[in-house]
Amino acid sequence: TTTTTTTTTTTTTTTTTTTTTTTTTTTTTTTTTTTTTTTTTTTTTTTTTTTTTTTTTTTTTITTTSTTPGTLVVELPWELVSGSCAVDSAGCITSPNYDPISAAVYPAHSECAFDVKHPSAMEVEDFNVENFYDFLIVNNEAFSGSLTPHGKVPATASKIQWVADYSVEMTGFKICPRPLGPCDQV
């Protein structure tokens, strides 16, 4: 079963201001021999129209599988298939031993692999891995040190891989899925 949720938010603001000012001044002066008539007419019309339309469309695809009547299982975008990394209930992936409170480090020679089930952009919450030696590989591109996969969209049916070398262990990574936006490339 595939459930597609489309949220469309349309905000339309229309402001119309019309100001019409009409001033008429008539002065009539009469004397016995001369009549003077002065007429002054001033008309000012100002019309200002401002229209702002913002449309945001977000499409999120969640695949669900029902195994028992009344039981609903949500398929997350990334599935751990090997190694001691983890995937939490929100679909966030973490390196082995990841714990930001205790500052535990991932072990030397650690490796993990995740299958990509459906496209989702990568939201990097934490990325502290040894530069040039420990890598997270996404779409055949290796990320380490300060180079993170933030915003990357792993290709469906591909793998996300984690590989650490034999020395210098660090706290690791936490990366969460986020729905694809209009600027994300699959």
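Per chain, the residues get numbers from 1 upward, laid out in the order the sequence is written. The predicted origin of the model limits local features to residues at a pLDDT of at least 70 and limits the giving and counting of side-chain atom pairs to 80 or more, whereas totals for whole chains, interfaces and linings rest on all residues. Based on all heavy atoms of the structure, the side-chain values leave hydrogens and waters out of the count.

1. Considerations on the overall build of the chain
Here's step 1: Along its length, the chain carries 0 helices and 12 strands.
Here's step 2: Ordering the α and β elements of the chain from the N terminus gives β-β-β-β-β-β-β-β-β-β-β-β.
Here's step 3: Burial classes follow relative accessibility: with a 1.4 Å probe on protein chains only, a residue under 20% of its type's maximum area counts as buried, one over 50% as exposed, and anything between as partly exposed. When the 186 residues of the chain are sorted by exposure, 25% land in the buried category.
Here's step 4: Only heavy atoms enter the contact rule, under which two residues are in contact if any of them lie within 4.5 Å. A sequence separation of at least 24 residues applies to 71% of the contacts in the chain between residues at least 6 apart.
Here's step 5: For the chain, the exposed area adds up to about 11500 Å²; of that, 53% sits on carbon and sulfur atoms. Put simply, DSSP marks the helices as runs of H or I at least four residues long and the strands as runs of E at least two long, and each gets a number from the N terminus on. Only the protein chains shown count as covering a residue, and every accessible area follows the Shrake-Rupley method with a 1.4 Å probe.

2. Quick word on the environment of Lys 152
Here's step 1: By secondary structure assignment, the location of Lys 152 is in the loop between strand 10 (141-143) and strand 11 (159-163).
Here's step 2: We classify Lys 152 as partly exposed; its relative accessible area is 31%.
Here's step 3: Residues Lys 152 and Val 124, spaced 28 residues apart in sequence, show a C-alpha to C-alpha distance of 9.7 Å.
Here's step 4: When residues no more than four places from it in sequence are discounted, the contact partners of Lys 152 are Ser 120, Ala 121, Met 122, Val 138, Glu 141 and Phe 143.

3. Looking at the pattern of salt bridges
Here's step 1: For this document, the term salt bridge refers to a Lys or Arg side-chain nitrogen within 4 Å of an Asp or Glu carboxyl oxygen. Under the defined criterion, the tally for this structure stands at 5 salt bridges.
Here's step 2: Residue Glu 141 is joined to Lys 152 by a salt bridge in which the shortest nitrogen-to-oxygen separation is 3.3 Å. In this pair, Glu 141 sits in strand 10 while Lys 152 sits in the loop between strand 10 and strand 11, placing the two residues 11 residues apart along the sequence.

4. Details of the confidence of the model for the chain
Do not read the fine detail of predicted coordinates wherever pLDDT is low.
Here's step 1: pLDDT: the predictor's confidence for each residue, scored from 0 to 100. On average, residues of the chain score 74 in pLDDT, and 59% of them are at 70 or above.
Here's step 2: Confidence drops under a pLDDT of 50 for residues 1-67, and excluding neighbours within four residues, the segment shows 96 contacts in the predicted structure.

5. A few points about the packing of aromatic side chains
The geometry of an aromatic ring pair is captured by two quantities: the separation of the ring centres and the angle between the planes.
Here's step 1: Pairs were defined over the aromatic rings of Phe, Tyr and Trp, the Trp ring being its six-membered one, requiring ring centres within 6.5 Å. Orientation was assigned from the angle between planes: stacked under 30 degrees, edge-to-face over 60, tilted for the rest. Across all of its chains, the model carries 3 aromatic pairs by this definition.
Here's step 2: Here the aromatic rings of Phe 127 and Phe 173 are separated by 6.4 Å at their centres, their planes lie at 35 degrees, and the arrangement is tilted. Within this pair, whereas Phe 127 is found in strand 8 (residues 121-128), its partner Phe 173 is found in strand 12 (residues 172-178), the two being separated by 46 residues in sequence. The residues Phe 127 and Phe 173 share a single accessibility class, namely buried.
Here's step 3: These aromatic residues form a ring-pair network of at least three members: Tyr 106, Phe 127, Trp 162 and Phe 173.

6. Some words on the side chain of Asp 165
Here's step 1: Residue placement: Asp 165 occurs in the loop between strand 11 and strand 12.
Here's step 2: In summary, the charge assignment counts Lys and Arg as positive and Asp and Glu as negative, without counting His or the chain termini. For the buried residue Asp 165, which engages in no salt bridge, the nearest side chain bearing the opposite charge is Lys 159, 23 Å off.
Here's step 3: In this structure the side chain of Asp 165 is engaged in a polar contact, spanning 3.2 Å, whose partner is the backbone nitrogen of Ser 167.
Here's step 4: Once residues within four sequence positions are removed from consideration, Asp 165 is found in contact with Ala 108, His 109, Glu 130, Tyr 133 and Asp 134. Any pair of N or O atoms that falls within 3.5 Å is considered a polar contact. Within protein, one atom must be able to donate a hydrogen and the other to accept it, and sequence-neighbouring residues count only if both atoms are side-chain atoms.

7. With respect to the pairing of strand 11
Here's step 1: Of the two faces of strand 11, the one lined by Ile 160 and Trp 162 is fully buried and the one lined by Lys 159, Gln 161 and Val 163 carries no buried residue.
Here's step 2: A pair of strands is labelled paired if DSSP reports no fewer than 2 bridges between them. As paired elements, strand 9 (residues 135-138) and strand 11 share 4 bridges and run antiparallel to each other. In the strand pairing of strand 11, Leu 136 is matched with Trp 162.

8. Here we look at the sheet that holds strand 10
Here's step 1: The 5 strands lie next to each other as 4-7-11-9-10, forming an open sheet whose pairing is antiparallel. Whereas interior strands pair on both sides, the edge strands pair on one side only; in this sheet they are strand 4 (78-83) and strand 10. Strand-to-strand twist in this sheet, taken as the mean axis angle between neighbours without regard to direction, amounts to 20 degrees.
Here's step 2: Two elements, strand 4 and strand 7 (residues 111-116), share 5 bridges in a ladder whose sense is antiparallel. For Ser 82, the partnering residue across the bridge sits in strand 7 and is Ala 113. Helix axes use the C-alpha atoms of the stretch in contact, all axes being lines fitted to C-alpha atoms, and the angles between their N-to-C directions lie in the range 0 to 180 degrees.

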